[in-house]
Amino acid sequence: SFSFSVAACMGDVAALLCALRSEDSQSRGLAEQELARVRGNPELLPLLFLAIDGGGPNAQLAAVLLSWEVPRTFQLLPAEDRVALQSRVLKSLEASDRAVVRSVADAANSLAQAIAANEDRLWVELLQTLAQLVASGQELQREMGFYTASLLVESLGPRLGGTWPALVESVAASVRTEQSCAIRTAALSVLEKLTEVEGQPAPDLTEACEAVLASLEMQGAGAAGVSAAAELAALRAIAESESSPLNGQLAARALNVAFVALNSSSECRRQALQVLPAIARCHGGSGETCKRLLTMLETAPRDHADLPDVVEAARQVAEYSSCEEMWQPLLQCLQAAGGPDVQRCAVGWQGVATLATSCSSKLDSAVSAVQAALQRTWQHEDLHASSAALNALEAIACADGPFEVVVPVCQGLSSLQSPELLEPALLVIRQFMENATTDQAAGVLAEVVPPLLLLLTGPMDAQCHALETLTQVMQASCELYLDHCSQTAERLLPLITSPAPVGPAALEATGSLLRAVADVSVMPALWQSAGATAIAGLTSEECSRRKASLNCLTSLASVLPAAELPLAAVVAAANAALQSDDGSLAGVRKRYSVVGVFTGDMEERLAALRAAALFVAVCDDASLRVVFGMCNAVCTQVQHAHCTVRVQACRTLEQFARNLGRADVPTAQGCSGSVNAAVCALLNDPEARVVEEAVYAAEELVSQSVATPGVVAALSAAQQGSAPCGQLAVTS
């Protein structure tokens with residue numbers, strides 16, 4: 001017993017517990033105030049134990065409060081009272097009420113953590129008690145023994161390493177012989193927690209794994225209920241664990257039991273569908289596994305409730321297998337395109353998307369099959385299958401796949417009726433246009449341009465997407481776009497002064513169009529209007545319009561005579577954008593955490609860097625001093641937290657380095673030091689992409705004979721792979 005007496009001021013604990021359970025809010029509120037007053041007082045603990053011993057509803061609440069109080073008050077107790085508390089908790093683990101014991105188990109777990117943290121030892125008596133409980137003749141004690149063990153494994157992890165063999169043996173014995181579903185489930189929960197243990201020593205799960213496999217093999221297709229589902233969940237956890245024993249024969253057995261379980265109850269089937277990709281992910285599944293899943297797709301009813309899970313399992317297994325042999329069965333799924341079996345067609349597209357990323361060597365040979373299936377899918381206009389097809393094309397584009405696969409999308413753009421498919425279709429076209437040759441882009445202009453121009457008269461969202469795509473198409477097709485210039489100009493001219501977002505997007509598209517025309521005498525009204533609108537937009541309060549103005553003027557700078565360029569206005573706008581505070585040093589990593597999704601101020605910053613790079617290259621010698629007024633602002637971008645900005649800064653600094661020799665002596669001397677310092681910092685950047693681009697800028701400084709010793713040394717280190725990210729730079 002505890003050595004201290006129960007203070008009278010604590011009141012009647014039974015009455016307090018009753019009030020806490022009261023339906024009367026006022027009584028309950030007063031009781032909660034009283035509880036808050038006495039919490040943290042060690043003298044509350046014996047009162048709670050008395051309530052637990054008394055049983056009934058108060059016992060459950062007292063056990064919950066005990067689990068709260070033990071970690072708060074344990075260190076406040078004298079040494080002898082700590083020992084008494086431990087003994088009292090162990091005794092309460094043998095109570096006959098499941099809810100009470102679960103709460104006491106939570107308290108025991110907290111107490112074990114406190115002992116481990118403050119006394120640097122295991123609570124050996126608890127481990128001994130658990131060994132007795134899991135071997136007890138009473139079902140509740142066995143169940144609660146495993147439940148408490150699962151808590152300890154999760155909280156103490158490798159500290160329990162010495163107990164792994166005995167614990168795994170107990171779990172395996174329970175799986176082999178236990179009849180109670182609740183106890184088997186509790187034991188399997190311990191097994192799942194063991195698979196999550198990080199560090200050494202790692203538990204050897206072979207015996208438990210064999211027991212689970214033997215149990216599932218014995219049940220066969222008749223596997224059903226919570227216990228069988230828990231066994232399959234444990235099998236998945238074993239497959240995913242770092243210390244998984246699933247290899248060779250055991251992995252083959254696991255695959256077999258998973259496939260057999262696909263014919264059992266719905267919950268077991270769901271778990272089995274997760275086991276298959278788990279084995280493939282961790283143990284390099286096989287094409288045969290995916291083929292068996294695809295066979296299931298062929299034979300399953302189209303309205304089967306978990307058919308999407310089968311589809312996803314097949315897709316994941318294909319991804320983790322990375323087998324070239326999987327191309328053919330997945331392409332065969334595409335033969336269902338245009339027919340009633342939409343699910344099978346969708347899994348084919350999902351598989352193509354997966355293999356395009358993980359196994360792209362067969363992309364070229366799959367072009368014909370993909371094109372034919374895409375035409376049928378497009379004509380059928382099923383949203384699910386068409387969306388899957390567009391996702392597959394996006395993956396192919398990211399893998400630099402053949403341009404020919406997107407041709408059916410371009411050809412079918414004019415007949416596309418679904419608004420849900422329009423945006424992803426235009427996105428896919430833009431992605432392929434980024435890497436298309438001039439001839440490839442020109443080859444689809446007749447199919448793409450008319451519907452894009454038609455969309456410019458539609459809703460605002462459609463206009464914006466069409467303008468982005470049109471800009472990309474014009475940039476890809478260059479001078480071959482000339483046949484479509486007049487009709488494009490006719491549609492763009494009234495849009496460039498529209499409110500955002502349409503106006504800025506139209507202005508950027510106009511800049512791309514005029515760069516393709518490259519002749520001021522052609523469409524003079526458009527040249528004049530675009531130039532005036534862009535110059536006025538440089539000082540706009542709207543970030544998107546300032547960005548569009550910089551991009552438009554950058555496009556015009558590539559074709560206009562240097563004397564006609566609005567240098568002073570561009571330099572002022574670029575400096576303002578580069579010197580603005582976008583949180584790059586404080587919070588940019590949160591704001592720009594997703595590469596490729598930028599806020600407006602970052603887009604404007606990138607536009608300013610691109611403008612600086614082009615203007616310094618095209619301006620005449622007399623104007624170079626004005627353009628070099630952007631040098632210091634460009635150099636400060638090496639501190640920007642987003643690597644996309646630093647990459648563009650490298651490219652801009654390369655142009656500055658290349659043109660230092662054209663500048664007058666004071667300008668060259670004033671800028672040389674800052675350019676060298678910036679390039680040196682970029683050569684030591686942690687991102688490989690940045691270092692690769694910085695190398696070009698450094699080589700330009702060396703070729704101009706203005707490189708400092710620091711740049712020369714950093715360049716040598718980067719080229720040899722000994723810079724901070726040099727290894728990445730060499731291998732990426």
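Keep in mind it's a predicted model, so treat the numbers as computed, not measured.

> What am I meant to see in the overall build of the chain here?
Along its length, the chain carries 39 helices and zero strands. For the chain, the proportion of its 732 residues judged to be buried stands at 54%. Carbon and sulfur atoms make up 51% of the accessible area of the chain, which totals about 31,000 Å².

> Could you clarify how one ought to interpret helix H11 (residues 206-219) in this entry?
Residues separated by three or four positions in an α-helix point in the same direction, a consequence of the helix having 3.6 residues per turn. Between the first and last C-alpha of H11 there are 20 Å, a value that for 14 residues agrees with the 20 Å anticipated at 1.5 Å per step. Ala 208, Cys 209, Ala 211, Val 212, Leu 213, Ser 215 and Leu 216 are the residues of H11 that are buried.

> Hey, could you run me through the packing of helix H8 (residues 139-156) against helix H9 (residues 164-177) in this one?
Helix packing for two helices is described by the angle between their axes and how far apart those axes are. The contact between H8 and H9 brings their axes to 12 Å, and the two run at 140°. Taken together, the axes of H8 and H9 lie oblique to each other. Here H8 runs over H9; the crossing is left-handed. Where H8 abuts H9, its residues Phe 146, Ala 149 and Val 153 lie against Trp 164, Leu 167, Ser 170, Val 171 and Ser 174. Looking at the contact of H8 with H9 residue by residue, the classes come out as six nonpolar, two polar and no charged.

> What's the story with the packing of aromatic side chains in this structure? I'm lost.
One pair of aromatic rings is described through two measures. These are the centre distance and the angle between the planes. Under the counting rule described, the total for this entry stands at two aromatic pairs. Taken together, a centroid distance of 5.0 Å and an interplanar angle of 90° make the contact between Phe 628 and Phe 656 edge-to-face. Of this pair, Phe 628 sits in the loop between helix H33 (624-627) and helix H34 (631-635) while Phe 656 is found in helix H35 (residues 643-659), placing the two residues 28 residues apart along the sequence. Residue placement shows Arg 82 over the ring face of Phe 74; its charged tip is 5.4 Å from the ring centre. Taking the ring centre of Tyr 147 as reference, the NZ or CZ of Arg 102 above it sits at 4.0 Å.

> Would you take a moment to explain the environment of Glu 34 for this structure?
Looking at where Glu 34 falls in the secondary structure, it is placed in helix H2 (residues 25-38). When its relative accessible area of 26% is taken as the criterion, Glu 34 is described as partly exposed. Sequence-wise, Glu 34 and Leu 16 are 18 residues apart; in three dimensions their C-alpha atoms are separated by 8.0 Å.

> What exactly am I supposed to notice about the layout of surface pockets here?
In this structure, the second largest pocket spans a volume of roughly 300 Å³. Leu 416, Pro 419, Leu 422, Leu 455 and Ala 462 are the residues nearest the centre of the second largest pocket, which is lined by 15 residues in total. Every element with two or more residues in the lining of the second largest pocket is listed here: helix H22 (419-434), helix H24 (445-455) and helix H25 (460-477). The residue inventory of the lining of the second largest pocket, partitioned by class, reads nine nonpolar, four polar and two charged.

> What should I look at first to understand the side chain of Thr 554 in this one?
In this fold, Thr 554 is placed in helix H29 (residues 543-557). Not counting chain neighbours up to four residues away, the residues in contact with Thr 554 comprise Arg 610, Ala 611, Leu 614 and Phe 615.

> Explanation requested: the confidence of the model for the chain in the structure shown.
Parts of the prediction with low pLDDT should not have their coordinates interpreted in detail. Taken as a whole, the chain shows an average pLDDT of 82; of its residues, 84% reach a score of 70 or greater. Across residues 1-11, confidence stays below pLDDT 50; counting only partners more than four residues off in sequence or on other chains, it has 26 contacts. Low pLDDT (under 50) marks residues 726-732, which in the prediction has 12 contacts with non-local residues, meaning those over four places away or in another chain.

> I'm lost on the nonpolar core in this one. Help?
Generally speaking, a soluble globular protein has its nonpolar side chains buried in company with each other. Of all hydrophobic cores here, the largest spans 140 residues; its most connected members are Trp 349, Leu 393 and Leu 683. Setting aside anything within four residues of it in sequence, one finds Trp 349 in contact with Leu 334, Val 370, Ala 373, Leu 374, Thr 377, Ala 385, Ala 388, Ala 389 and Ala 392. If you look at the next biggest cluster of nonpolar residues, it comprises 96 residues, including Leu 130, Val 197, Ala 239 and Cys 268.

> Can you help me understand helix H10 (residues 181-195) in this one?
Between the first and last C-alpha of H10 there are 21 Å, a value that for 15 residues agrees with the 21 Å anticipated at 1.5 Å per step. Where H10 is concerned, the buried positions are Ile 183, Arg 184, Ala 186, Ala 187, Leu 188, Val 190, Leu 191, Leu 194 and Thr 195. The residue sitting at the N-terminus of H10 and contributing the capping side-chain oxygen is Ser 180; that oxygen lies 3.4 Å from the backbone nitrogen of Ala 182.

> What is the right way to read the environment of Glu 192 from this model?
Here Glu 192 shows up in helix H10. Judged by its relative accessible area of 24%, Glu 192 is partly exposed. Distance from Glu 192 to Val 153, taken between C-alpha atoms, is 9.8 Å for residues 39 residues apart in sequence. In this structure, Glu 192 is in contact with Ala 230, Ala 233, Ala 234 and Ala 237, ignoring residues within four places of it in sequence.

> I'm lost on the environment of Pro 42 in this one. Help?
One can find Pro 42 in the loop between H2 and helix H3 (44-54). In this structure the C-alpha to C-alpha distance between Pro 42 and Gln 75, which are 33 residues apart in sequence, comes to 9.5 Å.

> Explain the pattern of salt bridges to me, please; I cannot follow it from the model alone.
Where charged atoms of side chains with opposite charge meet at close range, the side chains can pair. Summed over all chains, the structure comprises 18 salt bridges. Among the ionic pairs, Arg 82 bridges to Glu 119, the shortest N-O distance being 3.6 Å. You can see Arg 82 sitting in helix H5 (residues 79-92) and its partner Glu 119 sitting in helix H6 (residues 98-119), a full 37 residues away along the chain. For Lys 193, the salt bridge identified is with Glu 154, shortest N-O distance 3.5 Å. Here Glu 154 lies in helix H8 and Lys 193 lies in helix H10, a separation of 39 residues in the sequence. The exposure class of Glu 154 is exposed, given its relative accessible area of 52%. In this structure, a network of salt bridges that share partners links the residues Arg 82, Glu 119 and Arg 121.

> Honestly, the packing of helix H27 (residues 502-517) against helix H28 (residues 524-537) in this entry has me stumped. Any pointers?
Two elements in contact, H27 and H28, have axes whose closest approach is 10 Å; the angle formed by their N-to-C orientations is 135°. In terms of axis orientation, H27 runs oblique to H28. Note that H27 runs across H28; the crossing there is left-handed. Touching Leu 507, Thr 510, Leu 513 and Leu 514 of H27 are Leu 526, Trp 527, Ala 530, Thr 533 and Ala 534, all from H28. Here the residues of the contact of H27 with H28 are counted per class, giving seven nonpolar, two polar and no charged.

Scoring rules and cut-offs
Residues numbered from 1 in each chain as written. Predicted model: local features only at pLDDT ≥ 70, side-chain atom pairs only at ≥ 80, totals over all residues. Heavy atoms only, no water. Helix = DSSP H or I, 4+ residues; strand = E, 2+ residues; numbered from the N terminus. Buried < 20%, exposed > 50% of the residue type's maximum accessible area, 1.4 Å probe, protein only. Areas by Shrake-Rupley, 256 points an atom, 1.4 Å probe, with all protein chains shown as cover. Expected span 1.5 Å × (residues − 1). Axes fitted to C-alpha atoms, helices over the stretch in contact; angles between N-to-C directions. Parallel < 35°, antiparallel > 145°, perpendicular 65-115°, else oblique. Left-handed = near helix turned anticlockwise from the far one by under 90°. Contact = heavy atoms within 4.5 Å. Nonpolar A, V, L, I, M, F, W, Y, C, P; charged D, E, K, R; others polar. Phe/Tyr/Trp six-rings, centres within 6.5 Å; stacked < 30°, edge-to-face > 60°. Lys NZ or Arg CZ within 6 Å of the ring centre and 35° of its normal. 1 Å grid on protein atoms, 1.4 Å probe; cavity = no way out; pocket = protein on both sides within 12 Å on 5 of 7 lines; lining within 4 Å. Points joined across faces, edges and corners; volume = space filled by probe spheres on them. pLDDT = per-residue confidence, 0-100. Core = buried A, V, L, I, M, F, W, Y, C linked by side-chain atoms within 4.5 Å. Polar contact = N/O pair within 3.5 Å; in protein donor to acceptor, adjacent residues only side chain to side chain. Salt bridge = Lys/Arg side-chain N within 4 Å of Asp/Glu carboxyl O.

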